[in-house]
Amino acid sequence: MKNIFTEHHVPGIPTAAFLQRTECTGLRASPITNCFAKVASPLTGAVIIASLTVFLFCAACTSTQAQQIRFDRLSIAEGLSSNSVYTVFQDSHGVLWIGTLDGLNRYDGYGITVYKHDHQKKGSISNNRITAIYEDHQHHLWLYDEFTSTIIRYTPAKDEFSTYHLEQAAGAELDVLDFIGERDSTLYVCSQHGNTLRYDAADDSFHLLNSSGPLSEGDHDDTHSALLDAFGQYLKQANSPFTVSTIMIRKVMKDHEGRYWIATRYDGLYTAVEQPHGFEFFSHLRTDDKFKKVTSEEINDVYEDRSNVVWIGTRNKGLYRYAQYKYKFDHIESIETTSGAFQLGTLRAITQDAKGNIWAGTNDQGLVRIDAFGKTGKVYRPEPGKRNSIGHRFIRSLWIDAGQNLWAGHYNGFSRYRAATDDFIPYHPKGEHDEEVRVYDIKGDQQQGLWMAAWDLVMHFDPATNQYAFISQAASLHQGFSIQNIRELELDASGTPWIVVGEKGISIFNKGENMFTTLHSSPENPASLPSNNIFDVFKDSHGNVWLATADGLCHFNVADKSCETYTVNNGLPSNLVYGVMEDSHGQLWFSSTKGIGKFDPLQKRFRNYDVSDGLQSNEFTENAFYQNSDGLMFFGGINGLNIFHPDRVPDNPNPPQVSITGVKAFDNPLSEVRSFGLEEIRQKMQAHDAITFTPGQRSISFEFVALHYVNPQKNRYAYMLEGFDKQWTYRDANVRFANYTNLEPATYYFKVRASNSDGVWSDAITLKIIVEKPFYATWWFITLCTLALLTLGVFAYRWRIAVVKKQQSMKSIQLESELNFLKSQVNPHFLFNTLNNIYALCQVNSRNAAPMVGKVSDMMRYMIYDCNADLVPLQKEIEYLQNYIDLHQLKSHRKLNAVMVVHGDANGLKIAPLLLINFLENCFKHGDLNVNAQGFIHAELIISRTVLLLTMKNSFREKKSAGPDRQGIGLGNVKHRLTLLYPAKHSLRIGKNNGIFEVELKMHLD
C-alpha cells in the first residue's frame, strides 16, 4: 500500500522552507494538505489524508470520549447553497468558508452569504463547485475545483473573483491538484504526478516549473502506521465489507483533544481514541444514537477551527458540527426495552440505586429503570389483576432507604420494590376521613420509618409493623399546623418533621413550644415568602435553608423567619424554581421552567444553561432532581433526563475573534449616505488610520460579529464609543450593532469585545472615528470671526460710549428742566394761597395781620432763596410746615385743632424742598376744620436715622363734588417729584375711612 502519510515537496525548493508557513500557523493550510497531507481525487481513487501534524503529546482518553460526541447540522434549510459539502476553511480573520457542489458559502455563525456564478455580473465567481480553499499572506482566497482544474482567486477588498485555468498554463491536461502553498510570499501548486506551477503576480498568471517527476515523499512516524493498522484490524473484527485500502480514506485529522477523525468515501465517519492498550474506534454511520450519528456514507472533509469546533463535510447530508464545549450535559431521551424504544417523556421523580441503575418516575407512564449505561431498561406499570405490580402510573416521589429498598410515592398511596422478585408491594392507605392519599415526598428517619408528604396531611409509616400515623390540618390546628397541598418535608437530626411546605406556605416545627409556626407570603412585607407555592426545601453544607418557589429562589432565615429572594431581576432564568442541590464547591444548582442555573451564594452570581447547552428542554419539572454520593446530578423535565457532574461541566477557554463588519453614516435616521465594508475597516485598523465623516454625517451605525462557532447564539457583546459613552454597553447575540445619533464634531474611538458562550471575553478591538467640524467651527474660521468681532466690538464700544454720554447729558438737562418746572408750579401755588390769607386779615383789620406778615416773610425767604437748591435741610422744611399751620391759626377767629408733632433729630438730614407742603395744604383745603368744631388736622413726623415717616390725618365731610382724595395740581406734582427724586426710596399711602382722610409717606433720606 502506498504510504498515505507523506510530506509534499516541490522540486527545487527545500521542503522545510516550503512548509514553514503552514507548520507554524496552521491558519492558511489548504484542506487539500493541511500540513503533511496528501490529496487525491475521489474520481481517481487516490487517498486524501490531512492534518496529521507532528504529535506533541498522547492524550489519556477514556472509551467514553467517543460516546460524548454530539452533532448538530447545517443544511440548505439553514441557508447552505448545497447539502454536498466538499471543503471547510477558516480564514485568518475567523470567517468560515464552505465549498459546496453549488456555490461558495461564507458563514459567520449567524448567517450564510452565498457566492454563485452570475453571467451578467463582471467579477463574479466562475465555478459554483469548490473542492479546496487556501488563503495567502495578502488574505486572498484561492479556490479550487478539482473536476475542472480551475483555480479562482477571491479578493475580499474588491469583492471580486479572478479565474485561472491550470491546464492552459501547463500546456497539457493536468491531473488532480495535490498541493497549494507559499514560500517567500510566492504561491505554488502541485499536481499528484509532479507538475508544479508558480503564480507570478507581475503578469497575474501561473507558469509551469517542472512538467514531470513524482513528488518526493517525507517520513512518517509510527503513530500513523499504528493507527492505520489498528483501523484495519477493527474493520476486520467488525465484519466490515471494507479494508483500509477499499474504504477510501479521504482525510485523517487529530483534534485538540487527541481524538482522530477518519473521513471515508464509502463507510462514513469514524473516530478513534488512543488508549494504553491500543486504539478504540467508533462508527458514526452505524450507531443508533441520534446525537452521535452522521448519516452520510461519503465524507468529503473534516476540519477543526480555532474555536475547537470540528466540521464534517458530507455528500448530500450537509455540514455536521461537533463542538466539544457546546453540549455540556448528557441527555437520556429514550431507552431500549424488551418492547422496543421507550420515550421517557415527562419525569417527576429520580433516584439511583447501589448498582448504578437510575430510577425515574414518569408523569403518567409508570416507573422506569434505566441501566447504568443509560441504554436499556424496563418500564413498570400497574397491571390489572396482578397483585404485585406498582400501585399507580402517576409517580411523584422516590426514596431508597438504608436497606436499599426502593419506595415509590404515587397517586393512591405508595409502593415498595422487591429486587429479588422484580415486583412491588403496593400500599393504599386512606386518610383520616377515608380520602385518597397522594405521596409527593418520602424521607426516612433513624428508626427505619418513613415520613411522607401526602398532599393534605403528613403521614408516618413503620415498615416493620405496617402502622400509619397522621399529622393533618384538621387534627393539629392546636399545634399550629395549617398548611395544605403538601409537597415536601424536611426532617431534623432526630428524624422528626422540621419543615413542611406546599402550595399554601411553610410550617416550621418548634420543639421547645411543641407546635408548628405557619408562614405565608405577604405583599406588604418584602422579607416574607415570595410565594405561598413552594416546591423544594434544601439545607446546604453551611446550614443555610433555601426554598424553591413559584416566585423566586429564597434564602430563608429560620431564626427571624425572613426571606432574601432572588428573581429574574437578579439573574435567575425563571422565577419558578423546582429543585436545589449543592456541589462540592458550595455552588447551588437548580432547575426551573427556563433551564438549569448555577448560583454562587458568596458572589451572588448566576450562570444559566438552556437547551442549546444540551438540556433535555428548557422546561424541567417538580421533584425531578437527585444527587448521588459521588456528586453526580440528575435533572428531569418534559423530554427525559440530564446527567452531569458539576466539576466536569466544560467551559470553552478560547475567546472569540471579533470583527467590525460595517460602518454606516446617515444624514438622517433613514437616509444612508456613506458605508464602509469589512475589508476597508480592517485596512484602516491595521494602519491605525481613522474613518472620517463630514459634518453632516453625525448619525453613525457600527456592525460587529464574534467569530466563535461553538454556540454563536450565546455569544455576548460589549461596546463603547470613547468620547461619547461613559461605560460599556452589553448586548446579546441578537443585537450585533450600535447606533449613535447627533454626534458632535470630535475624534472618537469605537471599541467592541465579545465573549464566547461560556463567558470568556476577548480583548477589545478599536476603530478610530473622526466627525469633522463644519467650516464655521474650524480654527481658521473662528480666528477670522474673532478678529472681525473684536474690530467691530471696538467700533461698537466707542459708538455706544458716545451715545450713552449724549443720552445721559440730555437726560440730565431734561430732568433738571422738569424739576424746575415742578418747582415753578409749586411756588405760585403757595404764593396765591398766602396772599389770599393776608388780604383777608387786612380787610378785618386784624391784630394778627402783622405776625402773619412775618410768617409770610419767612416762608417767602425759604421759597425764594433756599428752595433753589436741589436739597434743603429737613429742619427748614419742618419749620416751613409749622409756619403754614401758624398762618392758618392767625387768620382763624377761633382756636383750630391743627397740630404737628416731630419725633427724632432732623440735624444733618436733607430733603427736596417744598415736597411735604402739599399734603398739609390739602388738609386745610379739603378738611372741615372751618365748619366743624370737632374738626382736626394732626401731622406727625417720626425721624429714625435716615428714615422719615410722615403721617397726616384730617377730618372731612363727604361732598358730591371732588372729595378729599381729589388730586389737584399740588398733589400730582408731589407724586411726580417723589417718582423722579426718590425712586425705590419711598412709599406713599393715601386713604379715607369713617370721615378721616389719612396720608402716610415713608422716605429714605440722604
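- The name an unreviewed UniProt entry gives the chain is Histidine kinase, with Chryseosolibacter histidini as the organism.

1. Points about a nonpolar patch on the surface
Move 1: On the surface, Phe775, Tyr776, Trp779, Trp780 and Leu784 cluster together into a nonpolar patch covering about 680 Å² of accessible area.
Move 2: By secondary structure assignment, the location of Phe775 is in the loop between strand S61 (765–771) and helix H5 (779–843).
Move 3: Given the relative accessible area of 51%, Phe775 is considered exposed.

2. Quick notes on the nonpolar core
Move 1: Leu104, Leu143, Trp311, Val663, Phe702 and Phe750 are the most contacted members of the largest nonpolar core, which totals 57 residues.
Move 2: Ranked by residues supplied to this core, first place goes to strand S56 (residues 699–707) with six residues.

3. Focus on the sheet that holds strand S65 (residues 937–944)
Move 1: Ordered by their spatial adjacency, five strands build an open sheet running S63-S65-S66-S68-S67, and the pairing between neighbours is mixed. Where the open sheet ends on each side, the last strands, each with one partner, are strand S63 (898–903) and strand S67 (986–993). Put simply, the sheet's adjacent strands are angled 10 degrees from each other on average, direction ignored.
Move 2: Relative to strand S68 (residues 996–1004), S67 is paired through eight bridges, and the arrangement is antiparallel. Looking across to S68, one finds that Arg989 is bridged to Glu1000.
Move 3: The sheet strands contacting helix H7 (residues 874–891) are S63, S65 and strand S66 (947–955), and the helix crosses S63 at an angle near 160 degrees.
Move 4: In the packing of helix H8 (residues 917–926) onto the sheet, contacts are made with S63, S65, S66, S67 and S68, and the angle to S66 comes to roughly 10 degrees.

4. A short note on the pairing of strand S9 (residues 150–155)
Move 1: With respect to burial, S9 is a largely interior element, six of its six residues being buried.
Move 2: Bridging between strand S8 (residues 141–145) and S9 involves five bridges; their strand directions are antiparallel. By the bridge assignment, Leu143 is partnered in S9 with Ile152.
Move 3: Between the end of S8 and the start of S9, which pair antiparallel, lie four residues, with Ser149 showing a positive phi angle near 55 degrees.
Move 4: Two elements, S9 and strand S10 (residues 160–165), share six bridges in a ladder whose sense is antiparallel. Considered in S10, the bridge of Ile151 is made with Tyr164.
Move 5: Between the end of S9 and the start of S10, which pair antiparallel, lie four residues, with Asp159 showing a positive phi angle near 55 degrees.

5. Considering H7
Move 1: With 18 residues, H7 ought to run about 26 Å at 1.5 Å a step, and its terminal C-alpha atoms sit 26 Å apart, in line with that.
Move 2: Every buried residue belonging to H7 is among Leu874, Glu877, Ile878, Tyr880, Leu881, Asn883, Tyr884, Ile885, Leu887, His888, Gln889 and Leu890, and all of these are buried.

6. Notes on the packing of aromatic side chains
Move 1: By the definition in use, this model includes 70 aromatic pairs.
Move 2: Taking the centre distance of 4.9 Å and the plane angle of 55 degrees together, the rings of Trp359 and Tyr417 count as tilted. Taken together, the positions of Trp359 in strand S27 (residues 358–362) and Tyr417 in strand S32 (residues 413–418) put the pair 58 residues apart, joining distant regions of the chain.
Move 3: Taking 5.1 Å as the distance between ring centres and 55 degrees as the angle between the ring planes, the aromatic pair formed by Tyr417 and Phe424 counts as tilted. Of the two residues, Tyr417 and Phe424, both sit in the buried class.
Move 4: Through successive ring pairs, a cluster of aromatic residues spans Phe702, Phe704, Tyr717, Tyr719, Phe724, Tyr740 and Phe750.
Move 5: Positioned over the ring face of Tyr110 is Arg736, at 3.8 Å from the centre of the ring.

7. With respect to the sheet that holds strand S18 (residues 269–275)
What links the strands of a sheet is backbone hydrogen bonding, and the strands pair in either a parallel or an antiparallel sense.
Move 1: Strand order in the open sheet formed by four strands is S16-S17-S18-S19, and the pairing between neighbours is antiparallel. The open sheet is flanked by strand S16 (249–254) and strand S19 (278–283), the only strands paired with a single partner. Ignoring which end each strand starts from, the neighbouring axes of this sheet average 20 degrees apart.
Move 2: Taken together, the four bridges between strand S17 (residues 260–264) and S18 define a ladder with antiparallel strand orientation. Of the residues in S18, the one forming a bridge with Ile262 is Tyr270.

8. Points about the side chain of Asn105
Move 1: Its place among the elements puts Asn105 in strand S5 (residues 103–107).
Move 2: Polar side-chain contacts of Asn105 include one of 3.2 Å to the backbone oxygen of Gly103.
Move 3: With sequence-adjacent residues up to four places away left out, Asn105 is seen in contact with Gly79, Leu80, Ser81, Leu96, Trp97, Ile98, Thr100, Ile112, Thr113 and Val114.

9. Regarding unusual backbone geometry
Move 1: Unusually for a residue other than glycine, Asp204 sits at a positive phi of about 55 degrees.
Move 2: Along the polypeptide, Asp204 turns up in the loop between strand S13 (196–200) and strand S14 (205–210).
Move 3: Positive phi, close to 60 degrees, is recorded for Ala984, a residue that is not glycine.

10. Topic: the pairing of strand S30 (residues 395–400)
Move 1: With respect to burial, S30 is a largely interior element, five of its six residues being buried.
Move 2: Sheet topology places S30 next to strand S31 (residues 406–410); five bridges connect them, and they run antiparallel. For Trp399, the partnering residue across the bridge sits in S31 and is Trp407.
Move 3: If you look at the hairpin formed by S30 and S31, you'll find five residues sitting between the two strands, and Gln404 has a positive phi there, around 65 degrees.

11. A closer look at the environment of Tyr380
Move 1: In this structure, Tyr380 sits in strand S29 (residues 377–380).
Move 2: A C-alpha to C-alpha distance of 8.3 Å links Tyr380 and Gln365, two positions 15 residues apart in sequence.
Move 3: With residues near it in sequence (within four places) discarded, Tyr380 still touches Trp359, Gln365, Gly366, Leu367, Arg369, Ile390, Tyr417, Asp422 and Phe424.
Move 4: Here the side chain of Tyr380 touches Arg369 through a polar contact of 2.7 Å, side chain to side chain.
Move 5: Within polar-contact distance, the side chain of Tyr380 engages the side chain of Asp422 at 2.5 Å.

Each value, and the rule that gives it
- Residues numbered from 1 in each chain as written.
- Predicted model: local features only at pLDDT ≥ 70, side-chain atom pairs only at ≥ 80, totals over all residues.
- Heavy atoms only, no water.
- Patch = residues over 30% accessible without salt bridge, like charges linked within 9 Å, V, L, I, M, F, W, Y side chains within 5 Å.
- Areas by Shrake-Rupley, 256 points an atom, 1.4 Å probe, with all protein chains shown as cover.
- Salt bridge = Lys/Arg side-chain N within 4 Å of Asp/Glu carboxyl O.
- Helix = DSSP H or I, 4+ residues; strand = E, 2+ residues; numbered from the N terminus.
- Buried < 20%, exposed > 50% of the residue type's maximum accessible area, 1.4 Å probe, protein only.
- Core = buried A, V, L, I, M, F, W, Y, C linked by side-chain atoms within 4.5 Å.
- Pairing = 2+ DSSP bridges.
- Axes fitted to C-alpha atoms, helices over the stretch in contact; angles between N-to-C directions.
- Contact = heavy atoms within 4.5 Å.
- Expected span 1.5 Å × (residues − 1).
- Phe/Tyr/Trp six-rings, centres within 6.5 Å; stacked < 30°, edge-to-face > 60°.
- Lys NZ or Arg CZ within 6 Å of the ring centre and 35° of its normal.
- Polar contact = N/O pair within 3.5 Å; in protein donor to acceptor, adjacent residues only side chain to side chain.

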